[in-house]
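So you can see what is in the structure, the chains are spelled out below.
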Amino acid sequence: MDDFGFDETGVARDEPTYTWDLDFASDADYREAVASLRSAWREDGRTVEEIENGIATTVDDGIRVTLHPGYHDGEPVLRTQGSCMRYRDEYGDEYDYMFDDNGDGTVDEYERPY
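One structure accompanies this document, and this report is about it. (Residues numbered from 1 in each chain as written. Predicted model: local features only at pLDDT ≥ 70, side-chain atom pairs only at ≥ 80, totals over all residues. Heavy atoms only, no water.)

**Concerning the layout of surface pockets**
Link 1 in the chain: There is about 230 Å³ of room inside the second largest pocket.
Link 2 in the chain: Taken together, 16 residues make up the lining of the second largest pocket; nearest its centre are Asp-27, Tyr-30, Arg-31, Pro-69 and Pro-76.
Link 3 in the chain: Along the lines of polarity and charge, the residues of the lining of the second largest pocket split into seven nonpolar, four polar and five charged. (1 Å grid on protein atoms, 1.4 Å probe; cavity = no way out; pocket = protein on both sides within 12 Å on 5 of 7 lines; lining within 4 Å. Points joined across faces, edges and corners; volume = space filled by probe spheres on them. Nonpolar A, V, L, I, M, F, W, Y, C, P; charged D, E, K, R; others polar.)

In structure tokens, the structure reads:
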């Protein structure tokens, strides 16, 4: 295994992160959602970490889940960040759609993140 996240040919390592933008009618609605989620996580026996204007926990698979204002625009986001995993990218463009900058349905060579 090398320092760049690759093992044998075609096998890569990554810590996948997914972010969902959330829309609340008001700041009060956002605070209510944070309080409700905090309560639900505690009822499930999870440790709840208080972070600036939000909360976080780690679920059984080592995945960190965070509800907080976005780093750049301050709008609420739900973010999950996985632990290190190995995978073989055999899916092609159908899973790389987020890198399709020109919207033509294909991730062109210049659009690839690596």
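What follows picks up the thread again.
**A short note on the pairing of strand 4 (residues 54-58)**
Link 1 in the chain: Where burial is concerned, most of strand 4 is hidden: four out of the five residues are buried.
Link 2 in the chain: Here strand 3 (residues 49-51) runs beside strand 4; their pairing, made up of three bridges, is antiparallel. Residue Glu-50 lies in a different strand from strand 4, and its bridge partner there is Ile-55.
Link 3 in the chain: The hairpin turn running from strand 3 into strand 4, its antiparallel successor, is two residues long, and Asn-53 in that turn takes a positive phi close to 60°.
Link 4 in the chain: Pairing of strand 4 with strand 5 (residues 64-69), which is carried by four bridges, proceeds in the antiparallel orientation. Residue pairing across strands places Thr-57 opposite Val-65, the latter belonging to strand 5. (Buried < 20%, exposed > 50% of the residue type's maximum accessible area, 1.4 Å probe, protein only. Helix = DSSP H or I, 4+ residues; strand = E, 2+ residues; numbered from the N terminus. Pairing = 2+ DSSP bridges.)

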